[in-house]
Amino acid sequence: MMGVEVAQRRCAPAARLASCGGKCLAVALIAAVSAIAWGQSGPKEPHIGYVYPAGGCKGTVSQVWVGGQSLRGCNAVYVSGEGVHASVVEFVPPLRPLDKDQRDELARRMKVARDARLAELKSAGVGTPPARTEAAPVAAGESKKVELPNHPMLRDIENMSLNELQNLTNEIANYRKKQMNMQIAESVVIEVTVDAGALPGDRELRLKTPAGLSNPLRFQVGMFPELSEEEPNDPYAKALPLPEAPIELPVLLNGQIKPGDVDRFRFRATQGQHLVIQVQARHLIPYLADAVPGWFQSTITLYDSAGKEIAAADDYQFNPDPVLHLEVPKTGDYTLEIHDAVFRGREDFVYRIAIGEQPFVTRIFPLGGPGNVETTASIDGWNLPVPRITLDTRPEGASIRETALTTESACSNAIPYAVGALPECAESEPNSEARSAQPVALPCIVNGRIVRPGDVDVFQFEGKAGDELVAEAMARRLSSPLDSLLRLTDTSGKVLEWNDDHEDRESGMLTHHADSYLRATLPGDGTYQLHIADSQGHGGNGYAYRLRIGSPQPDFALRVTPSSINLRPGRATPICVYALRKDGFEGAIDVRVKDTLAGLTLDGGRIPSGCEQIRMTLTVPSDAAIQPLELHLEGVASIGGQTVVRPVLPAEDMMQAFLYRHLTPSQQLLASAEKSKYRVPPVRLVSGETVRIAPGGSAEIQVLTPKSPLLAGVQLELRDPPAGVSLDAVAPTQGGLAFSVRADASAAKVGLADNLIVEAFGAPPAESKGGKGPSAKRRPSLGYLPAIPIEIVQQ
């Protein structure tokens, strides 16, 4: 085999790749391959785990810390939308433990600063605080020049306040004990400018290093003055001599919860104020891979000036982020406390708390309207300037949308609603029993409410034998607390089909998919009834729903991960596309690039019938240098003789609590490409035909490239291959390389279709450091071949 090796590598993607689609295939490398270019292995792509503070007020400039991994060399910041600009201030590596001389020097400097602050207080006639235990300073005769690490936490000690000195003492003590989390061990300090005219709401922030773009995290544009917590601010902190004045409202508080941390804030409120205290924590970082339940579960408690608890919350309805609504009972000082529900904590337990008389919508009805029909909805809540809101139902746009109420000084919470494509009607009481069922004509969408605990809404319609029926409740996806339960019955009350919960992968922020969906074939001609209720027996004016009843409406939605694509000039870059199929649609979908970027090609762009997830590759020319730009992909399919086009929306594949995975939506699909120092030969497929192999058979694939002594050491690996598919019989040829794709006689299943993703590696060094033999971990990656469609066919 002339030194050429083949291996298979298993990965752990968001979900197992389903089958996908295509004879013999040739791959051509269209330029000379230099030894340097082949051996070039790029740095690891950056990943960010938190942004703190995770927002800024309109018209302000602030410094923000971004924690993550592989951030060295960060040279740019990208924020979605208009009116927010950011630049890199510095890269901050992890602070290494201080040696004894450094600890002594730190203690000496802190004591000097503390003595200076106390002297200032004494001269101002302010009493001194209780004594603290400090590390002993270096004796006068033993002093020597000791340099402390150039870390932001250890700078400007001589000018620190007493609070800052106490916080530094706590941080150093905790730092020596805590276990390093490498995913957030590095930091980049950035400066963020929010224009006065910037629109309020969520943005996405990404960092860029020589390796490319990071994943996005939320950064919010707010309308309230903002404050960041100043430690120590927990109830057990020792009293300092100058208690700070209570915070004036409105305000937005930024903080981080460290292990066992409890943060407290004192503010002044006036009797009769209708305060909304809204926490955003899980909203900022939806999922944590290595924490249970998978996010920062914040808990808040409000105390009056006497220390009496007057309100508390650990969620809002089904949303993990708590909200308190309070009519202030009397003028005075109040203290708000926040901590994790089980007293966990670390740097990525970031929160934002808005306190003020901002509008907050607690319910809306109806939960949407038909497309292109003017629709107004009634709203209830706190501090609302109007009782109704107009919904944008223009046909272009997503089926689930968001709006908000914005005043001159505040913006409400997001208000989701749906836009439908069927006739709509309103539920009409009484319809709680079979004998009083409300007649409806199909197809339709019913806008209704479970108005009281134990209520059931019953709808009656005519059907024929063999008719396919779909009933779908939409409530939880639109922020209704309803946990729906659907039952299809005949007029005798016999249950023909029922459903409680149905997962909708489009709703990546939900962990309890409480909306119901059922599909049934009607057994005969006659009258049928559909019952909807809350599965927990709850009810009220806020328990609204939209109920779709009718024949199946086959359709699909598409998602792509990651939402930051780092292209390598001249080489293929894998992406993953998910087909979220609806109402039984199983057809093939062709994905294409809408943008006209010169030389950008998509390989393996067909999602075969029944496939729910497939990897494709994007390739740009070897001389490409792309500053981050927004890409747009779309999918095309034939449904019922009609051509249907749907956008491919960006998402992140996020893990929750070591196990569960979610497609969380992103605002933009950004791509970038750093111009290579060396000319890398572009790779293209000579034929776009699918490789078809019978179980037990094989097919040869040719890689055409100029002769090079390095070819003898090139290794090829299948990345997460389909079951029963492998590479073997790799050998140099006169024109380059040839390798075989083999289908195992028993493991490869007829009908399986997929794209093969093949990665090339350079040969590892002959010996690893220490002379212990080859080190596979040190092999340089040479990049990927374009996606190769494959199909297992009958002999």
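In what follows, the structure referred to is the one given above.
Residues numbered from 1 in each chain as written. Predicted model: local features only at pLDDT ≥ 70, side-chain atom pairs only at ≥ 80, totals over all residues. Heavy atoms only, no water.

(A) Spotlight on the overall build of the protein chain. If you tally the helices and strands in the protein chain, you get three helices and 58 strands. A total of 795 residues make up the protein chain; the buried ones form 52% of that total. Total accessible area on the protein chain stands at roughly 35,700 Å², and carbon and sulfur atoms take up 51% of it. (Helix = DSSP H or I, 4+ residues; strand = E, 2+ residues; numbered from the N terminus. Buried < 20%, exposed > 50% of the residue type's maximum accessible area, 1.4 Å probe, protein only. Areas by Shrake-Rupley, 256 points an atom, 1.4 Å probe, with all protein chains shown as cover.)

(B) Local environment of a negative patch on the surface. Together, Asp156, Glu158, Glu164, Glu230 and Glu244 line one region of the surface with negative charge. Relative to the assigned elements, Glu164 resides in helix α3 (residues 162–177). Overall, the relative accessible area of 38% leaves Glu164 in the partly exposed class. (Patch = residues over 30% accessible without salt bridge, like charges linked within 9 Å, V, L, I, M, F, W, Y side chains within 5 Å. Salt bridge = Lys/Arg side-chain N within 4 Å of Asp/Glu carboxyl O. Lys, Arg positive; Asp, Glu negative; His and termini not counted. Charge placed at Lys NZ, Arg CZ, Asp CG, Glu CD.)

(C) Structural detail: the pairing of strand β40 (residues 589–593). The pairing of β40 with strand β42 (residues 606–607) spans two bridges and is classified as antiparallel. If you follow Ile589 over to β42, its bridge partner there is Ile607. Bridging between β40 and strand β45 (residues 633–639) involves four bridges; their strand directions are antiparallel. Opposite Val593, over in β45, you have Leu633 as the bridge partner. (Pairing = 2+ DSSP bridges.)

(D) Representation of the pattern of salt bridges. Under the counting rule described, the total for this entry stands at 38 salt bridges. The partner of Arg206 in a salt bridge is Glu204, with the nearest N and O atoms 3.4 Å apart. Glu204 shares its class with Arg206; the two are buried. Two residues, Asp515 and Arg477, come together in a salt bridge whose shortest N-O distance is 2.7 Å.

(E) Structural view of the environment of Thr301. With respect to the secondary-structure elements, Thr301 resides in strand β16 (residues 298–303). Between the C-alpha atom of Thr301 and that of Thr335, which follows or precedes it by 34 residues, the distance is 8.3 Å. Ignoring anything within four residues of it in the chain, the contact list for Thr301 reads Glu309, Ala311, Ala312, Thr335, Leu336 and Glu337. (Contact = heavy atoms within 4.5 Å.)

(F) Geometry of the nonpolar core. Residues Phe267, Leu302 and Ile353 are the most contacted members of the largest nonpolar core, which totals 35 residues. Top contributing element to this core by residue count: strand β20 (residues 350–356), with four residues. Once residues within four sequence positions are removed from consideration, Ile353 is found in contact with Val251, Leu252, Leu253, Ile277, Gln278, Val279, Leu336 and Ile338. Membership of the second largest hydrophobic core comes to 29 residues, among which are Phe585, Val591, Leu600 and Leu633. (Core = buried A, V, L, I, M, F, W, Y, C linked by side-chain atoms within 4.5 Å.)

(G) Quick look at the sheet that holds strand β12 (residues 226–228). If you walk across this open sheet you meet the five strands as β12-β13-β20-β15-β18, and the pairing is mixed. Of all strands in the sheet, those with a lone pairing partner are β12 and β18 (323–327), marking the two edges. Strand-to-strand, the axes of this sheet are offset by a mean angle of 15°, without reference to chain direction. Inspection of the sheet shows strand β15 (residues 274–280) paired to β20 by five bridges, in the antiparallel sense. Along β20, the bridge assignment pairs Gln278 with Ala354. (Axes fitted to C-alpha atoms, helices over the stretch in contact; angles between N-to-C directions.)

(H) Examining the sheet that holds strand β48 (residues 670–673) more closely. Across the sheet, three strands lie side by side as β38-β48-β44; this open sheet has mixed pairing. Since the sheet does not close on itself, it has two edges, and those belong to β38 (564–567) and β44 (626–630), each with one partner. For this sheet the average axis-to-axis angle between neighbouring strands, irrespective of direction, equals 15°. Inspection of the sheet shows β44 paired to β48 by three bridges, in the antiparallel sense. Bridging across to β48, Ile626 finds its partner in Ala673.

(I) The arrangement of a nonpolar patch on the surface in detail. Together, Val292, Phe658, Leu659 and Tyr660 give the surface a local cluster of nonpolar side chains, amounting to about 470 Å² of exposed area. Along the chain, Tyr660 falls in strand β47 (residues 660–665). For Tyr660, a relative accessible area of 49% puts it in the partly exposed group.

(J) Spotlight on the side chain of Arg401. Its place among the elements puts Arg401 in strand β25 (residues 400–403). A distance of 2.7 Å separates a polar side-chain atom of Arg401 from the backbone oxygen of Ala398. When residues no more than four places from it in sequence are discounted, the contact partners of Arg401 are Asp392, Thr393, Arg394, Pro395, Glu396, Ile415, Pro416, Tyr417 and Val419. (Polar contact = N/O pair within 3.5 Å; in protein donor to acceptor, adjacent residues only side chain to side chain.)

(K) Molecular detail of unusual backbone geometry. For the peptide bond that leads from Phe365 to Pro366, omega is -5°, which places it in the cis range. With respect to the helices and strands, Pro366 occurs in the loop between β21 (360–365) and β22 (368–370). Residue Glu429 is joined to Pro430 through a cis peptide bond whose omega torsion reads 0°. Inspection of the secondary structure puts Pro430 in the loop between β27 (424–426) and β28 (438–439). The backbone phi angle of Asp156 is positive, close to 55°, even though this residue is not glycine. Within the secondary structure, Asp156 sits in the loop between α2 (100–123) and α3. We classify Asp156 as partly exposed; its relative accessible area is 45%. One non-glycine residue, Phe658, adopts positive backbone phi at about 70°. Tracing the backbone shows Phe658 in the loop between β46 (642–656) and β47. Phe658 sits in the exposed class, given a relative accessible area of 54%.

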